[in-house]
Amino acid sequence: RAGEARVAVGARSALFAPFRDLGLLVVDEEHDHSYKQDEGVRYSARDLAVVRGHLARCPVVLGSATPSLETWQNAATDRYGRIELLSRATAWTVPQVELVDMNAQDKGPDGRVPIVSEPVRLALTQAFADGGKAIVLYNRRGYATLVECVDCGAGYTCPSCGVSMVLHQSQRSLVCHYCGFHREQSDSCPSCSGTLEVLGKGTERIEELLRELFPDIPMARMDADTTAARGSHFELLEGFRKGDTRLLVGTQIVAKGHDFPDVHVAVVLGADHVLMLPDFRSAESCFSLVTQLAGRAGRGSVAGRVLVQTRHPRHFVFQRLNDFPSFAQEELRQRELLRYPPYSRLALLRVEGADRQQALETAWSLQRRLRATADGKTVQVLGPSPAAMPRLVGRWRYQLLLKGNQTGPWLRWLQSVDVSSPSSGVRVQLDVDPRNLM
């Protein structure tokens, strides 16, 4: 504010830096969901950047290789200008994505298709033989997503959230990734003393398998567990940059805008579970994740390769991975049919309570109150329905979706209605333009 600094660089809170004479706002990777604050004062830093730029009468640059469809549509309808960068700064173009059809892979001795397919193994082998590095993405942390007894079928479920607890082998513990509840891993079933079977997989297990396949290749794992300590994020990336590690395994953190010139191969082992999330943006998220990872390969003197394992190779997301405009055209066509953003506006009304019946009754009460003033065309009230995660941290969760087909009338209606909780002990939260519907 005193004018001692002329540039502010930071996360979404940097938007509120008190500059007097703002001349430029840049939102890098504008598609990223982390620009939306979901707690306390809910806001989208990307959208507020546009508002602040308008108030300050300065340019706003939204940068992304995979722009959000809302931004893409704003550019297509001339609300935003569009500047396309048609060539890469490096010698090689962004690699074409190669699909590995997991349905066509041979089964192993255990009767299952290997987690790391043969085409991926060969690509990694060649990259290491040529002196290059590789990045492998699997967007789930932990060792296994489910531990179940083969005798009685019992499993480990979080008592507060009702979801399966994730096995973290290195800590010998089972953890709920939502509330943090954990318990020690046992060698036998706590219910019948039967045999426990480990099902599903996470980055810990992927790392273990890759160490078995490539015992002589130094590797590191990068996820929320390994980057929790102060400075560990930098150390992992610096080790990979210097060549102390040649294989980086991790969650979506490894797909961020890292610039490593000697990455020959980038691999996505589990794209399908991102695609199948119960969210209308799941196709967009999957496309963005794969494309962003593809940008990490081939940034040096060697053309890179990108391989994606999937059981749905005919899905339009995978068929259009190398052509964003084509993907956007198909996804927007489906969004328009269903009247989802950018062809409508959404608000999420979430109802939470420790008493399940009380929370449900409150949700129905709110629905009746809202529908009494909604016309069903300009404004629609959908629900109530259980949230995709129906119970978290001991509270039952129901939600209503408030859809507006015309922004002006919808916003005026939203400002006029009462969305306060009619019941004590039940919390009601309103999120306009939500990014998380889970």
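Residues numbered from 1 in each chain as written. Predicted model: local features only at pLDDT ≥ 70, side-chain atom pairs only at ≥ 80, totals over all residues. Heavy atoms only, no water.

Enquirer: Looking at this model, I keep getting lost on the packing of aromatic side chains. Mind explaining?
Expert: To describe a pair of aromatic rings, one takes the distance between the centres and the angle between the planes. The full count for this structure, using the stated rule, is nine aromatic pairs. Pairing F287 with F327 gives two aromatic rings, centres 4.2 Å apart and planes at 10°, and the pair type is stacked. Of the two residues, F287 sits in helix α7 (residues 282-294) while F327 sits in helix α9 (residues 324-338), which places them 40 residues apart along the sequence. Comparing F287 with F327 shows no difference in burial state: the two are buried. Summarising the aromatic geometry, the rings of F316 and F327 are spaced 6.0 Å apart at their centres and angled 15° between planes, so their arrangement reads as stacked. Of this pair, F316 sits in helix α8 (residues 316-319) while F327 sits in helix α9, and the two are eleven residues apart along the sequence. You can call F316 buried: its relative accessible area is 13%. On the basis of relative accessibility, which here comes to 1%, the residue F327 falls in the buried class. (Phe/Tyr/Trp six-rings, centres within 6.5 Å; stacked < 30°, edge-to-face > 60°. Helix = DSSP H or I, 4+ residues; strand = E, 2+ residues; numbered from the N terminus. Buried < 20%, exposed > 50% of the residue type's maximum accessible area, 1.4 Å probe, protein only.)

Enquirer: Quick question: what am I supposed to make of α9 here?
Expert: Along an α-helix, a turn takes 3.6 residues, which lines up residues three or four apart on a common side. Compared with an ideal rise of 1.5 Å per residue, which puts 15 residues at 21 Å, α9 spans 21 Å between its outermost C-alpha atoms and is within 8% of the ideal. Taken residue by residue, α9 has F324, S326, F327, A328, E330, E331, L332 and R335 as its buried positions. Looking at the buried positions of α9, the neighbouring elements they touch are α2 (69-76), α7 and α8. (Expected span 1.5 Å × (residues − 1). Contact = heavy atoms within 4.5 Å.)

Enquirer: I tried to follow the pattern of salt bridges on my own but got confused; where do I start?
Expert: If charged atoms from side chains of opposite charge come close, those side chains can pair. Under the definition given, this model contains 19 salt bridges. The partner of D433 in a salt bridge is R345, and the shortest N-O contact between them spans 2.9 Å. Of this pair, D433 sits in the segment after β19 (426-432) while R345 sits in strand β16 (residues 345-353), and the two are 88 residues apart along the sequence. Between E352 and R427 there is a salt bridge, with its nearest N and O atoms 2.7 Å apart. You can see E352 sitting in strand β16 and its partner R427 sitting in strand β19, a full 75 residues away along the chain. The class for E352 is buried, based on a relative accessible area of 9%. On the basis of relative accessibility, which here comes to 39%, the residue R427 falls in the partly exposed class. Here the salt bridges share partners, and the residues they tie into one network are E207, R211, R221 and D223. (Salt bridge = Lys/Arg side-chain N within 4 Å of Asp/Glu carboxyl O.)

Enquirer: I tried to follow the nonpolar core on my own but got confused; where do I start?
Expert: Buried together is how nonpolar side chains tend to be arranged in soluble globular proteins. In this structure, L248, L293 and V317 are the most contacted members of the largest nonpolar core, which totals 39 residues. At seven residues, the largest contribution of residues to this core is made by α7. Each residue touching L248, except ones within four places of it in the same chain, is listed here: A134, I135, V136, A220, M222, L237, F240 and V254. If you look at the next biggest cluster of nonpolar residues, it comprises 23 residues, including V120, L210, M219 and V249. (Core = buried A, V, L, I, M, F, W, Y, C linked by side-chain atoms within 4.5 Å.)

Enquirer: What should I look at first to understand the state of the cysteines in this one?
Expert: A covalent bond between the sulfur atoms of two cysteines is what we call a disulfide. Under the counting rule described, the total for this entry stands at zero disulfides. In this structure C149 is a free cysteine whose sulfur lies 3.6 Å from that of C192, the closest cysteine sulfur available. According to the relative accessible area criterion, C149 is buried, its value standing at 2%. (Disulfide = S-S within 2.5 Å.)

Enquirer: Just to check I follow, could you spell out the sheet that holds strand β18 (residues 395-404) for this structure?
Expert: In spatial order, the strands read β17-β18-β16-β19; together these four strands make up an open sheet with antiparallel pairing. Looking at the sheet topology across the chains shown, the edges are occupied by β17 (379-392) and β19. Averaged over all adjacent pairs, the angle separating strand axes in this sheet is 20°, with direction ignored. With seven bridges joining them, β16 and β19 adopt antiparallel strand pairing. Its bridge partner being in β19, V351 is matched across the sheet by V428. Along the sheet, helix α11 (residues 407-416) contacts β16, β17, β18 and β19; its crossing angle with β16, the most-contacted strand, is approximately 25°. (Pairing = 2+ DSSP bridges. Axes fitted to C-alpha atoms, helices over the stretch in contact; angles between N-to-C directions.)

Enquirer: Explain the sheet that holds strand β10 (residues 182-184) here, please?
Expert: Strand pairing in a sheet takes place through backbone hydrogen bonds and is either antiparallel or parallel in direction. Reading across from one edge, β8-β9-β10 is the order of the three strands in this open sheet, with antiparallel pairing throughout. Sheet topology places β8 (166-168) and β10 at the edges, where each strand pairs with a single neighbour. In this sheet, adjacent strand axes meet at a mean angle of 30° when their direction is disregarded. Pairing of β8 with strand β9 (residues 173-175) involves three bridges; the strand directions are antiparallel. Counterpart to H168 in the pairing with β9 is S173.

Enquirer: What exactly am I supposed to notice about the packing of α7 against α9 here?
Expert: In a pair of packed helices, the angle between the axes and the distance between the axes together describe the arrangement. At a minimum axis separation of 11 Å, α7 and α9 run at an interaxial angle of 170°. On the basis of their axis angle, the class for α7 and α9 is roughly antiparallel. Note on element contacts: α9 touches α7 through F324, F327, E331 and R335, opposite A283, E284 and F287. Grouping the constituent residues of the contact of α7 with α9 by class yields four nonpolar, no polar and three charged. (Parallel < 35°, antiparallel > 145°, perpendicular 65-115°, else oblique. Nonpolar A, V, L, I, M, F, W, Y, C, P; charged D, E, K, R; others polar.)

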